[in-house]
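# Notes for the structure review
What follows is the residue order along each chain.
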Amino acid sequence: MSKIVEEEVTVGKTCLTFRRTSGRGHPVIMLHGLMDCAESWDPFAQSISRPTLAFDLPGFGHSSLAGDDIWKWQGLFDRALKKLDIDSSFLLGHSLGGALASALAARQPERIRSLAVIAPAGYSRIPLAQFLARPEMEFLLGQTAPRAMRFRPLVNLTSRNLFSHHHDPSDGLIGRLVESRNDMIPGIKNGMHLLRELSKNRFLDSPYEGPVAGLWGEHDRMVPPRYSMKGLLKVFPDASTEVMEGIAHHPQEEAPGETLDWIAEWTESTVRQPMLVSAGLPFD
């Protein structure tokens, strides 16, 4: 098992925190989705042979805020990777992190070995994000969410109904949501703004020409695969696409074993020791 080391890199006035594991070969850059943090990638990072750097997105985990513009985030993370002397890497992103991974691949395409995205934003409309980014919903979110998120059963019910398909979220996910409920709200607001803009101004092309893979759950209500997949294939006609049956927005929560195999395939890694069970995720 590879030890996880917490580090940070400062770019201008923005501090980005990340969790690093050691391994062999070029690293995998891992980018989480909305309402989560880099810790969500721990069992996957510890299960593959390559070194990994899992970043907290701006406003999540311990990273500072950095506005709500995907292209600003693109430049920020590009500078961060250069500062860390990472000149060649694999990109892995989920949801909002999938949009950022796509933007990073377009920034320096020759430095990216493959782009693997799970339920990626940026390729289709996201009605829920557009609704939640409205001013009245922002106000409601800021006023009620921190208090409501104290109650684990309520967080479990909300997550089960919005983001999964008849699966209870892991204790790890519920714990991260409850523990970070106060600090996360500004990041969620910025993330919702960013997703709303990506819904209106989607990715239409990219200079990146390397391997691309997309993974979705068939019951995803946040990023419906029939629209998102179509958008991804417009930008990357040769992309490999896969839709998991009986799964919604979090394949890594609902089908972690299959998702781990998919990650290993598209990052050209071997599975050295699955750490999913110890993290409370079922592994078959």
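One structure accompanies this document, and this report is about it. (Residues numbered from 1 in each chain as written. Predicted model: local features only at pLDDT ≥ 70, side-chain atom pairs only at ≥ 80, totals over all residues. Heavy atoms only, no water.)

What follows deals with unusual backbone geometry. At Met 35, a position not held by glycine, the phi torsion is positive, near 60 degrees. Mapped onto the elements of the fold, Met 35 is located in the loop between β3 (28-31) and α1 (42-45). Look at Met 35 and you get partly exposed, because its relative accessible area is 22%. Residues other than glycine seldom take positive phi values, yet Glu 268 does so here, at roughly 55 degrees. (Helix = DSSP H or I, 4+ residues; strand = E, 2+ residues; numbered from the N terminus. Buried < 20%, exposed > 50% of the residue type's maximum accessible area, 1.4 Å probe, protein only.)

Let us look at the packing of aromatic side chains. Think of a pair of aromatic rings as described by two things: how far the centres are apart, and how the planes are tilted against each other in angle. Per the counting criterion, the structure on display carries 6 aromatic pairs. Look at Trp 41 and Phe 44: their rings are 6.2 Å apart centre to centre, the planes differ by 75 degrees, and that puts the pair in the edge-to-face class. Phe 44 matches Trp 41 in its accessibility class, with the two residues each being buried. For the pair Phe 55 and Phe 77, a centre-to-centre distance of 5.4 Å together with 70 degrees between the ring planes defines the contact as edge-to-face. Residue Phe 55 is located in strand β4 (residues 52-55), and its partner Phe 77 is located in helix α2 (residues 70-83); the two are separated by 22 residues in the primary sequence. Look at Phe 55 and you get buried, because its relative accessible area is 0%. (Phe/Tyr/Trp six-rings, centres within 6.5 Å; stacked < 30°, edge-to-face > 60°.)

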